[in-house]
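Chain by chain, the residues run as shown.
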Amino acid sequence: MNPSLCKLIDLPKILDHRGNLTFVEATKHIPFEIKRIYYLYDVPGGASRGGHAHRNLQQFVIAANGSFDVITKDGTNKKKFFLNRSYYGLYIPTMIWREMDNFSSGSVCLVLASEFYDEEDYIRDYREFKKLAVGNKDDGQD
Ligand code: TYD
């Protein structure tokens, strides 16, 4: 799985002088059914989240407020995305290592997920992830 398969997706934006509105429809704007929603908030300065991959889970990540970086890796390639608007998000397919950092003060990271929470679906060890993703060869990327 190449991190270039992670992609930024623009969402509908209904401009209104009372305040703008954006919506997400499962399978229409994002390529999966939504089974779970979670969000990160009150992230202290300098903290980083993620640091794992998922065997089966697909996710769509939105900066509902503020901004942060999402670093994605497939074991060989690495790509960084900066999220800072609530009218687009980052689609992350299965078997992509992700780390999130550089959270701005007051930021909210909203995640739409294709599966219920399942600890068994996580790969939390990067070496194990690399083995599964690209075999045993080690190109030195960390
Ligand atoms: P984790 O996915 O490791 O957080 P992040 O990737 O954002 O750094 O989850 C942190 C903890 O929260 C872990 O103990 C599992 C728990 N958790 C749930 O119980 N349900 C969920 O939907 C999520 C995302 C996490």
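Residues numbered from 1 in each chain as written. Predicted model: local features only at pLDDT ≥ 70, side-chain atom pairs only at ≥ 80, totals over all residues. Heavy atoms only, no water.

**Student:** Where do I start with the sheet that holds strand 4 (residues 36–40) in this structure?
**Tutor:** In any sheet, the strands associate via hydrogen bonds between backbone groups, in a parallel or an antiparallel arrangement. Pairing is antiparallel across the open sheet formed by 5 strands, whose spatial order is 1-9-6-11-4. The two strands at the open ends of the sheet, each matched to only one other strand, are strand 1 (7–10) and strand 4. Neighbour to neighbour, the strand axes of the sheet diverge by 25° on average, direction disregarded. Direction of pairing for strand 1 relative to strand 9 (residues 88–92): antiparallel, over a ladder of 4 bridges. Looking at strand 9, one finds that Ile9 is bridged to Gly89. (Pairing = 2+ DSSP bridges. Helix = DSSP H or I, 4+ residues; strand = E, 2+ residues; numbered from the N terminus. Axes fitted to C-alpha atoms, helices over the stretch in contact; angles between N-to-C directions.)

**Student:** Looking at this structure, I do not really get a nonpolar patch on the surface. What am I missing?
**Tutor:** A surface patch of nonpolar side chains, amounting to about 250 Å² of accessible area, comprises Ile14, Leu21 and Phe23. Inspection of the secondary structure assignment puts Phe23 in the loop between strand 3 (21–22) and strand 4. (Patch = residues over 30% accessible without salt bridge, like charges linked within 9 Å, V, L, I, M, F, W, Y side chains within 5 Å. Areas by Shrake-Rupley, 256 points an atom, 1.4 Å probe, with all protein chains shown as cover. Salt bridge = Lys/Arg side-chain N within 4 Å of Asp/Glu carboxyl O.)

**Student:** What's the story with helix 1 (residues 126–134) in this structure? I'm lost.
**Tutor:** Taken as a whole, helix 1 has its buried residues at Tyr126, Phe129 and Lys130. Along the axis of helix 1, the buried positions cluster into a sector of 100°, meaning they face one direction only. Along helix 1, exposed side chains directed more than 90 degrees from the buried face belong to Arg127 and Lys131. Capping the start of helix 1, Asp125 holds a side-chain oxygen 3.3 Å from the backbone nitrogen of Arg127, two or three residues further along. Directly after helix 1, the chain includes Gly135, whose backbone phi takes a positive value near 85°. (Buried < 20%, exposed > 50% of the residue type's maximum accessible area, 1.4 Å probe, protein only. Arc of directions from axis to C-beta. Polar contact = N/O pair within 3.5 Å; in protein donor to acceptor, adjacent residues only side chain to side chain.)

Purely spatial values, then, with no claim about function.
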